[in-house]
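Descriptive structure summary
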Amino acid sequence: MTGNRTARRVATAALSVVLAGGVLAACSSTSKNKSGSTGGAKPGGSSSGASGGSGGIKKGLKVYFIPKDTQNPYEVLADKGGQKALSELGGSVTVSSGTADTAAAQLPSIQAAIQAKADAIVIAANDPSALCPSLNRAAQQGIKIVAFDSDIACGSSPNHLFINQADTKQIGTSEVDLLAKQINSTGQIAILSAAASATNQNAWIKYMKEQLTKYPKMKLVSTVYGNDDPATSLTVLQGLLSAYPNLKGIISPTTVGISTAAQYLSTHKDIAKRVVLTGLGLPSQMRKYIKDGTTQSFELWNPSDLGYLAGYAAASLASGTELKAGATFTSGKLNKTYTMAAGAGELSVILGPPTVFDKSNIDQFNF
């Protein structure tokens, strides 16, 4: 799981229906290496000796970044982080996806990566399983698979690494705790999520519901889905407010949802006085709503750092670092060696804990 994209979304909605297949796979952005080349030799078999430092990274690596969609400001920041990482390592990034948060919009980009003989794919999944057959075909061609932001759930095939933005349980529980503190642990609450199929959203919501058992006077009355689209998010938000006139709080664990809700509440002060909003947001988008009192606090990590870490991970795997628990790789400017850890059927690394933003620190962050 971000910006004032409503007008642009509405304007392109009809066109996006027509643009299918290969058009959706068109590249939205490409970052060249210093020599201008987008090529590079395909990596051979994995090597247990490679640790992934810049000295051990192959030059000329081609990495496809496939975000949830190409217009989401959060995803744009993450992709730029990946481009910076590969640029440092002498490789290139192609950003390719659709304009809607669906698995169908991402499938042509996976095929494009296969046809381009990419060395790695870094993908933020719009669906946990629908992408698996295509990603498995990519893996069979020797392409390394890295998921970030929103994971895939493909069982053992293809084997992949997940770059988690923060501990999944911590994100879910902290969102509930933030809201509970602001509404005195009492009242009706709702969740404004992204896509109903989004892996990360559903995982966080699971832990939100578990955490709510610690607050018996807080009642979750509805979970609605804005599909990371401002217009849809606004529609479901208005539906929530109409259906539940006694609503006390909203958690929106998506930067599109929280910014859309904050914009609406900021122009409906009577509602903002009785409905508390928190969730996951970009400081650059939420700053004015913190300062005008529409929102008291929210949290997030740096999306650019997430993409940057995913870029280093992809380059390390494509250069021979083994995909196994205990394997390590370095991370450039992040100045940390990350160790792959076994989880619930996957290998993952965690970027780090989220930051809570409020009036005391919002001006310190520009992303």
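Think of each chain on its own: its residues are numbered from 1, step by step along the sequence as written. Under the rules for a predicted model, residues below a pLDDT of 70 receive no local features and side-chain atom pairs below 80 are neither given nor counted, while totals for whole chains, interfaces and linings still include all residues. Think of the side-chain values as coming from all heavy atoms in the structure, minus any hydrogens and water.

The secondary structure listing takes helices from DSSP runs of H or I that are at least 4 residues long and strands from runs of E that are at least 2 residues long, numbered from the N terminus. When helices and strands are tallied, the chain shows eleven helices and 16 strands. Counting across all 367 residues of the chain, residues that qualify as buried make up 56%. Surface accessibility in these figures is a Shrake-Rupley result with a 1.4 Å probe; residues are shielded only by whichever protein chains are displayed. Accessible area for the chain stands at about 14,100 Å²; split by element, carbon and sulfur atoms hold 52% of it. Burial classification: accessible surface area is computed with a 1.4 Å probe over protein chains only, and a residue below 20% of its type maximum counts as buried, one above 50% as exposed, and the rest as partly exposed.

On to the state of the cysteines. A pair of cysteine sulfur atoms is labelled a disulfide when the two atoms are within 2.5 Å. Tallied over the full model, the rule gives one disulfide. A sulfur-sulfur separation of 1.8 Å characterises the disulfide bridge that pairs Cys132 with Cys154. Taking the sign of the torsion about the S-S bond as the criterion, the disulfide between Cys132 and Cys154, at about -85°, is left-handed. Taken together, the positions of Cys132 in helix α4 (residues 132-140) and Cys154 in the loop between β5 (144-148) and β6 (161-164) put the pair 22 residues apart, joining distant regions of the chain. Its relative accessible area of 8% is what places Cys132 among the buried residues. On the basis of relative accessible area, Cys154 is assigned to the buried category, the value being 13%.

With that settled, the discussion passes to the sheet that holds strand β10 (residues 276-279). The four strands lie next to each other as β8-β7-β9-β10, forming an open sheet whose pairing is parallel. In the strand order of this sheet, the two ends are held by β8 (218-225) and β10, each with one partner. Mean inter-strand twist for the sheet, computed between neighbouring axes without regard to direction, equals 20°. In terms of strand pairing, strand β7 (residues 187-193) meets strand β9 (residues 247-252) through four bridges, oriented parallel. Considered in β9, the bridge of Ile191 is made with Ile251. In this description, contact between two residues means that some pair of their heavy atoms is separated by no more than 4.5 Å. For helices, the fitted line uses only the C-alpha atoms of the stretch in contact; every axis is such a line through C-alpha atoms, and the angle between N-to-C directions lies from 0 to 180 degrees. On top of the sheet, helix α5 (residues 168-182) reaches β7, β8, β9 and β10; it is set at about 160° to β10, its chief contact. Lying over the sheet, helix α8 (residues 255-266) contacts β7, β9 and β10, oriented at roughly 160° with respect to β10. Whether two strands pair depends on DSSP finding at least two bridges between them.

With respect to the helices, strands and loops of the structure, Ser348 is situated in strand β15 (residues 347-350). In this structure Ser348 comes out as buried when scored by relative accessible area, which is 14%. The residues contacting Ser348, other than those within four sequence positions of it, are Leu161, Phe162, Thr339, Met340 and Ala341.

Its place among the elements puts Thr186 in the loop between α5 and β7. According to the relative accessible area criterion, Thr186 is partly exposed, its value standing at 31%. Note: C-alpha distance between Thr186 and Gly249 (63 residues apart in sequence) is 9.5 Å. Beyond its immediate stretch of four places on either side in the chain, Thr186 contacts Lys217, Met218 and Lys248.

Moving on, we come to the nonpolar core. Core analysis: the biggest nonpolar cluster contains 80 residues, and Phe148, Ile163, Met218 and Trp301 have the highest contact counts within it. Ranked by residue count, the leading element in this core is helix α11 (residues 303-318), at ten residues. Once residues within four sequence positions are removed from consideration, Met218 is found in contact with Val176, Leu179, Ala180, Ile183, Ser185, Thr186, Gly187, Ile189 and Leu212. By size, the runner-up hydrophobic cluster in this structure holds 21 residues, among which are Ile66, Ile110, Ala112 and Ala118. For the purposes of this section, nonpolar cores are sets of buried Ala, Val, Leu, Ile, Met, Phe, Trp, Tyr and Cys residues that join through side-chain atoms within 4.5 Å.

A few words now on unusual backbone geometry. Although it is not a glycine, Lys117 sits at a positive phi angle of roughly 55°. If you trace the backbone, Lys117 turns up in the loop between α3 (103-115) and β4 (120-123). Within the chain, Asn184 stands out as a residue other than glycine whose phi angle is a positive 60°. Checked against the element boundaries, Asn184 lands in the loop between α5 and β7. Given the relative accessible area of 63%, Asn184 is considered exposed.

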